[in-house]
Amino acid sequence: MTTQQPSATADIAQRVAAIWAEVLGPGSDRPGATFVELNGQSIAAVRIAAGVEEQLGITLDIGDLFEDPDLETLTRGILARIEG
(Lines give C-alpha, C1' and ligand atoms only; values in the text may rest on other atoms or scores of the structure.)
Protein backbone atom coordinates (compact mmCIF):
# COMPACT_ATOMS: atom_id res chain seq x y z
CA MET A 1 0.00 0.00 0.00
CA THR A 2 1.34 3.41 -0.95
CA THR A 3 0.65 6.62 0.87
CA GLN A 4 0.03 9.84 -1.03
CA GLN A 5 2.39 12.72 -0.33
CA PRO A 6 0.65 15.74 1.25
CA SER A 7 0.99 17.84 -1.91
CA ALA A 8 -0.42 15.02 -4.07
CA THR A 9 -3.32 14.58 -1.65
CA ALA A 10 -4.02 18.33 -1.70
CA ASP A 11 -3.91 18.34 -5.51
CA ILE A 12 -6.42 15.50 -5.70
CA ALA A 13 -8.68 17.20 -3.14
CA GLN A 14 -8.56 20.42 -5.19
CA ARG A 15 -9.43 18.57 -8.38
CA VAL A 16 -12.37 16.80 -6.74
CA ALA A 17 -13.58 20.11 -5.26
CA ALA A 18 -13.36 21.78 -8.68
CA ILE A 19 -15.39 19.00 -10.31
CA TRP A 20 -17.96 19.15 -7.48
CA ALA A 21 -18.29 22.94 -7.77
CA GLU A 22 -18.47 22.94 -11.56
CA VAL A 23 -21.25 20.37 -11.60
CA LEU A 24 -23.26 21.43 -8.54
CA GLY A 25 -22.82 25.18 -8.98
CA PRO A 26 -23.37 28.06 -6.55
CA GLY A 27 -23.46 27.11 -2.89
CA SER A 28 -21.62 23.85 -3.47
CA ASP A 29 -18.76 25.12 -1.32
CA ARG A 30 -20.99 25.23 1.76
CA PRO A 31 -19.23 23.10 4.42
CA GLY A 32 -21.01 19.83 5.11
CA ALA A 33 -23.53 20.26 2.28
CA THR A 34 -24.30 16.85 0.83
CA PHE A 35 -24.87 15.83 -2.76
CA VAL A 36 -28.65 15.61 -2.32
CA GLU A 37 -28.84 18.85 -0.28
CA LEU A 38 -27.17 20.57 -3.25
CA ASN A 39 -29.94 19.23 -5.50
CA GLY A 40 -27.67 16.58 -6.97
CA GLN A 41 -29.56 14.40 -9.40
CA SER A 42 -28.62 11.57 -11.72
CA ILE A 43 -27.17 13.77 -14.47
CA ALA A 44 -24.99 15.54 -11.87
CA ALA A 45 -23.84 12.17 -10.54
CA VAL A 46 -22.87 11.07 -14.04
CA ARG A 47 -21.00 14.33 -14.66
CA ILE A 48 -19.08 14.10 -11.37
CA ALA A 49 -18.19 10.45 -11.99
CA ALA A 50 -17.03 11.25 -15.53
CA GLY A 51 -14.93 14.18 -14.31
CA VAL A 52 -13.26 12.07 -11.63
CA GLU A 53 -12.50 9.33 -14.13
CA GLU A 54 -11.21 11.77 -16.74
CA GLN A 55 -9.03 13.82 -14.39
CA LEU A 56 -7.93 11.19 -11.87
CA GLY A 57 -8.33 7.86 -13.65
CA ILE A 58 -10.56 6.55 -10.86
CA THR A 59 -13.89 4.89 -11.62
CA LEU A 60 -16.53 6.33 -9.33
CA ASP A 61 -19.83 4.47 -9.11
CA ILE A 62 -22.66 7.01 -9.38
CA GLY A 63 -24.44 5.06 -6.66
CA ASP A 64 -21.75 6.32 -4.28
CA LEU A 65 -23.12 9.83 -4.76
CA PHE A 66 -26.64 8.74 -3.87
CA GLU A 67 -25.31 7.58 -0.51
CA ASP A 68 -25.36 11.38 -0.04
CA PRO A 69 -21.75 12.26 0.78
CA ASP A 70 -20.52 15.77 1.40
CA LEU A 71 -17.43 16.89 -0.50
CA GLU A 72 -15.05 15.85 2.28
CA THR A 73 -16.51 12.34 2.50
CA LEU A 74 -16.43 11.92 -1.28
CA THR A 75 -12.81 13.09 -1.40
CA ARG A 76 -11.79 10.69 1.38
CA GLY A 77 -13.39 7.82 -0.55
CA ILE A 78 -11.57 8.75 -3.75
CA LEU A 79 -8.25 9.07 -1.90
CA ALA A 80 -8.80 5.64 -0.34
CA ARG A 81 -9.29 4.13 -3.81
CA ILE A 82 -6.13 5.80 -5.09
CA GLU A 83 -4.11 4.59 -2.11
CA GLY A 84 -5.69 1.21 -2.67
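Structure shown above.
Since we're looking at a predicted model, the values are computed, not measured.

S.K.: So what exactly am I meant to see when it comes to the overall build of the protein here?
M.R.: Summing up its helical and strand segments, the protein has four helices and zero strands in all. Starting at the N terminus and walking to the C terminus, you meet the elements of the protein as α-α-α-α. The C-alpha atoms of the protein give a radius of gyration of 12 Å, which matches the 12 Å a tight globule of 84 residues would have. Principal axes of the C-alpha set define a box for the protein whose edges measure 35 × 20 × 20 Å. Going through the 84 residues of the protein one by one, you find that 33% of them count as buried. Contacts in the protein between residues at least 24 apart in sequence constitute 57% of all its contacts with a sequence separation of at least 6. A total of about 5,000 Å² of accessible surface is found on the protein, and carbon and sulfur atoms cover 51% of it. For the protein, the distance from the average position of its 5 positive side-chain charges to the average position of its 13 negative side-chain charges is 2 Å.

S.K.: What is the right way to look at the pattern of salt bridges in this model?
M.R.: Pairing between side chains of opposite charge can happen when their charged atoms approach one another. Under the criterion given, the structure shown has three salt bridges. D64 serves as the salt-bridge partner of R81, at 2.5 Å between the closest nitrogen and oxygen. A residue pair is termed long-range when its members are at least 10 positions apart, and R81 in helix α4 (residues 71–83) and D64 in helix α3 (residues 62–65) qualify at 17 residues. Among the residues examined, D64 registers a relative accessible area of 21% and is labelled partly exposed.

S.K.: Before we go on, may I ask you to explain the environment of L38 in this structure?
M.R.: Mapped onto the elements of the fold, L38 is located in the loop between α1 (6–24) and α2 (42–56). With relative accessibility at 11%, the residue L38 sits in the buried group. Remark: the alpha-carbon pair of L38 and I78, spanning 40 residues in sequence, is separated by 20 Å. If sequence neighbours within four positions are ignored, L38 has contacts with W20, L24, G27, S28, R30 and A33.

What counts, and where the lines are drawn
- Residues numbered from 1 in each chain as written.
- Predicted model: local features only at pLDDT ≥ 70, side-chain atom pairs only at ≥ 80, totals over all residues.
- Heavy atoms only, no water.
- Helix = DSSP H or I, 4+ residues; strand = E, 2+ residues; numbered from the N terminus.
- Rg over C-alpha atoms; globule rule 2.2 N^0.38 Å.
- Buried < 20%, exposed > 50% of the residue type's maximum accessible area, 1.4 Å probe, protein only.
- Contact = heavy atoms within 4.5 Å.
- Areas by Shrake-Rupley, 256 points an atom, 1.4 Å probe, with all protein chains shown as cover.
- Lys, Arg positive; Asp, Glu negative; His and termini not counted.
- Charge placed at Lys NZ, Arg CZ, Asp CG, Glu CD.
- Salt bridge = Lys/Arg side-chain N within 4 Å of Asp/Glu carboxyl O.

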